[in-house]
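Overview (structure and organization)
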Amino acid sequence: MSDEQVEKKYGAYICTGCGIGDRLDAGELESTASRDGRMNVVKQHEMLCSKEGVQMIRDDIDNDGVNHAVIIACSRRAKVEAFDFNDIAMTRCNIREGVIWARPDTDEAKETTQEMANDYIRMSCGEIKQMNKPSASGQQSRNPNVLVVGGGITGMTAAIEAAEAGYTVHLVEKSGALGGHVAQLHKRVPFKAAPQGTPNSPDANLPMPEDTGIEDMIAAVEG
Ligand code: SF4
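Residues numbered from 1 in each chain as written. Predicted model: local features only at pLDDT ≥ 70, side-chain atom pairs only at ≥ 80, totals over all residues. Heavy atoms only, no water.

Quick look at helix 6 (residues 153–164)
An α-helical turn contains 3.6 residues, so any two residues separated by three or four positions project in the same direction. Between its first and last C-alpha, helix 6 extends 16 Å over twelve residues, near the 16 Å set by a 1.5 Å rise per residue. Residues of helix 6 that are buried include every one of Gly 155, Met 156, Ala 159 and Ala 162, and no others. Projected onto a plane normal to the axis of helix 6, the buried residues spread over an arc of 130 degrees and lie on a single side. Opposite the buried face of helix 6, by more than 90 degrees, sit the exposed residues Thr 154 and Glu 164. (Helix = DSSP H or I, 4+ residues; strand = E, 2+ residues; numbered from the N terminus. Expected span 1.5 Å × (residues − 1). Buried < 20%, exposed > 50% of the residue type's maximum accessible area, 1.4 Å probe, protein only. Arc of directions from axis to C-beta.)

Rendered as structure tokens:
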């Protein structure tokens, strides 16, 4: 059955944690999601990213047929692992960083902050209506082979990632040895800079050159 033929059931999940419940009227957010956003299921949780909060959403997906969800909480860059519902269409409505963190916490601003959050919810509910449940393109099974040219750090990274994604990887390297330029290095430059204001003296606790880690990568590729 194609995605267009599957009945869409919409769920909106409002988090009141991280100060959202203190700054906004969660009951009004619920009304906005159901009345204006036309969500079929609207629920609140005091910490949506907790085990219980995530389970509440999972139960609605598994038992109540929710297949399109709006997570009304923090930025989509936060709690990515917690909200990893890859069997449904999902979007994130950012009322933490986007609304309460961006607005002054004053009595005077309270009403417009609430209006802003309501608008964010209306937009996210509009967005989810345009989304479809993820489905396979059908092309994956045609050729499960990936050719990676070059066995330096970039080629090996690509090879490992592709293999972890389930592809059969053919890695070719003209020199006959893996590792490329990095394999010639004794150490690499540290990724972390010294904290601002650290004096450039032999006594300062400066980040030191680190192992390249290339041997582990070569072992992973050869394995
Ligand atoms: S991190 Fe996000 S989901 Fe978790 S309590 Fe805070 S706003 Fe809610």
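Still to come is the rest of the account.
Things to note about the site of the ligand
Around the ligand, the neighbouring residues are Cys 15, Cys 18, Ile 20, Met 47, Cys 49, Ala 73, Cys 74, Lys 79, Phe 83 and Arg 96. Among the residues forming the shell around the ligand, the class breakdown is eight nonpolar, no polar and two charged. (Near = heavy atom within 4 Å. Nonpolar A, V, L, I, M, F, W, Y, C, P; charged D, E, K, R; others polar.)

Section: the packing of helix 2 (residues 26–36) against helix 5 (residues 107–129)
Where helix 2 contacts helix 5, the axes come no closer than 9 Å and their chain directions differ by 35 degrees. Judged by the twist between their axes, the crossing of helix 2 over helix 5 is right-handed. In this structure, helix 2 uses Glu 28, Leu 29, Thr 32, Ala 33, Arg 35 and Asp 36 to contact helix 5, whose residues at the interface are Gln 114, Ala 117, Asn 118, Ile 121, Arg 122 and Cys 125. A breakdown of the residues in the contact of helix 2 with helix 5 according to their chemical character gives five nonpolar, three polar and four charged. (Axes fitted to C-alpha atoms, helices over the stretch in contact; angles between N-to-C directions. Left-handed = near helix turned anticlockwise from the far one by under 90°. Contact = heavy atoms within 4.5 Å.)

Quick look at the sheet that holds strand 3 (residues 68–73)
The sheet built from four strands is open, its strands ordered 2-1-3-4 with parallel pairing. Of all the strands in the sheet, the pair left with one neighbour each is strand 2 (41–45) and strand 4 (89–94). The mean angle between the axes of side-by-side strands here comes to 15 degrees, regardless of whether they run parallel or antiparallel. Sheet analysis places strand 1 (residues 10–15) next to strand 3, joined by five bridges and oriented parallel. Of the residues in strand 3, the one forming a bridge with Gly 11 is Ala 69. Sitting on the sheet, helix 2 touches strand 1 and strand 2, and the angle it makes with strand 2 is about 160 degrees. (Pairing = 2+ DSSP bridges.)

Topic: the pairing of strand 1
Within strand 1, six of the six residues are buried, leaving the element largely enclosed by the surrounding structure. Burial along strand 1 is two-sided: Tyr 10, Ala 12 and Ile 14 facing one way and Gly 11, Tyr 13 and Cys 15 facing the other are all buried. With five bridges joining them, strand 1 and strand 2 adopt parallel strand pairing. In the sheet register, Ile 14 faces strand 2, and the bridge partner there is Gln 44.

Examining the pattern of salt bridges
On inspection of all chains with the given rule, the structure shows eleven salt bridges. With a closest N to O distance of 2.9 Å, Asp 36 and Arg 35 form a salt bridge. Arg 122 is the partner of Asp 119 in a salt bridge, and the nearest nitrogen-oxygen pair spans 2.7 Å. Placement of the pair is Asp 119 and Arg 122 together in helix 5, with a separation of three residues, close to one helical turn. Judged by relative accessible area, which is 33%, Arg 122 ranks as partly exposed. One continuous salt-bridge network, built from bridges that share partners, spans Arg 35, Asp 36, Asp 119 and Arg 122. (Salt bridge = Lys/Arg side-chain N within 4 Å of Asp/Glu carboxyl O.)

Notes on a negative patch on the surface
A contiguous patch of negative charge on the surface is contributed by Asp 25, Glu 28, Glu 111 and Glu 115. Turning to its location among the elements, Asp 25 is positioned in the loop between helix 1 (20–23) and helix 2. A residue is classified by how much of its surface remains accessible, and Asp 25, at 41% relative accessible area, is partly exposed. (Patch = residues over 30% accessible without salt bridge, like charges linked within 9 Å, V, L, I, M, F, W, Y side chains within 5 Å. Areas by Shrake-Rupley, 256 points an atom, 1.4 Å probe, with all protein chains shown as cover. Lys, Arg positive; Asp, Glu negative; His and termini not counted. Charge placed at Lys NZ, Arg CZ, Asp CG, Glu CD.)

Considerations on the side chain of Ser 124
Considering the arrangement of structural elements, one finds Ser 124 in helix 5. Residue class for Ser 124 comes out buried when judged on its relative accessible area of 7%. Sequence-distant contacts of Ser 124, defined by excluding residues within four places in its chain, comprise Val 70, Thr 91, Arg 92 and Cys 93.

Here's the deal with the packing of aromatic side chains
Geometry of an aromatic ring pair is reported as the spacing of the ring centres plus the angle between the planes. Under the counting rule described, the total for this entry stands at zero aromatic pairs. Here the basic side chain of Lys 129 rests over the ring of Tyr 10, its NZ or CZ set 5.5 Å away from the ring centre. Positioned above the aromatic ring of Phe 191, the side-chain terminus of Arg 188 is 3.8 Å from the ring centre. (Phe/Tyr/Trp six-rings, centres within 6.5 Å; stacked < 30°, edge-to-face > 60°. Lys NZ or Arg CZ within 6 Å of the ring centre and 35° of its normal.)

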